[in-house]
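Architecture at a glance
Each chain, letter by letter, is given below.
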Amino acid sequence: LRDSNFQSSQVMTLEFNSYLERYLWPFFEAEKATGAHCLSIALLINEKVRDGSVSAWESIATTGKDKFSGYFERMLNLWKDGELALREKTFVVQFWINCFQSLEQDFVRGQVS
């Protein structure tokens, strides 16, 4: 994705193929996850929210909402590390905005409060 400058068509293709539900989230481990893995999750959640046709948080809620706290912490650390490019930072900020707009999800609310 980085090589294509995060083209929305590629992100949409990943979303269409359920990449978040089938690979990214099931195999996420906070201690081992790379920055690319974390950013990919954020991109696909952002795409789900933008599309609006499916619940952005449903796959996380049903297949491991207990991992969300570790993921959220990793996203904060990714930001603090200062290694993100400006475009990547915009995706992270959009992810946080989506989190604050999804406080009805208990696992999201627990992290942003």
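In this report, we go over the structure that sits alongside the text. What you see is a predicted model, and the numbers here were worked out from it, not measured in a lab.

**Notes on the packing of aromatic side chains**
Geometry of an aromatic ring pair is reported as the spacing of the ring centres plus the angle between the planes. For the structure on display, the rule yields 14 aromatic pairs. Residues Y71 and F95 carry aromatic rings whose centres are separated by 5.5 Å and whose planes lie at 85° to one another, so their mutual orientation is edge-to-face. Residue Y71 is located in helix α5 (residues 68–81), and its partner F95 is located in helix α6 (residues 86–100); the two are separated by 24 residues in the primary sequence. An aromatic cluster of at least three residues, connected via ring pairs, comprises W25, F28, W57, F68, Y71, F72, F95 and F107. Over the face of the ring belonging to W25 we find K67, whose NZ or CZ atom lies 5.2 Å from the ring centre. The ring of W79 has K89 sitting right over it, with the charged end atom 5.7 Å from the ring centre.

**Thoughts on α5**
Every α-helical turn comprises 3.6 residues, leaving residues that sit three or four positions apart pointing alike. In a regular helix each residue adds 1.5 Å, so 14 residues correspond to 20 Å; α5 covers 20 Å between its end C-alpha atoms and thus fits that length. Looking only at α5, the buried set comprises F68, G70, Y71, F72, R74, M75 and L78. Close packing links the buried residues of α5 with α3 (35–51), α4 (58–63), α6 and α7 (106–112). Directly after α5, the chain includes G82, whose backbone phi takes a positive value near 75°.

The rules behind the values
- Residues numbered from 1 in each chain as written.
- Predicted model: local features only at pLDDT ≥ 70, side-chain atom pairs only at ≥ 80, totals over all residues.
- Heavy atoms only, no water.
- Phe/Tyr/Trp six-rings, centres within 6.5 Å; stacked < 30°, edge-to-face > 60°.
- Helix = DSSP H or I, 4+ residues; strand = E, 2+ residues; numbered from the N terminus.
- Lys NZ or Arg CZ within 6 Å of the ring centre and 35° of its normal.
- Expected span 1.5 Å × (residues − 1).
- Buried < 20%, exposed > 50% of the residue type's maximum accessible area, 1.4 Å probe, protein only.
- Contact = heavy atoms within 4.5 Å.

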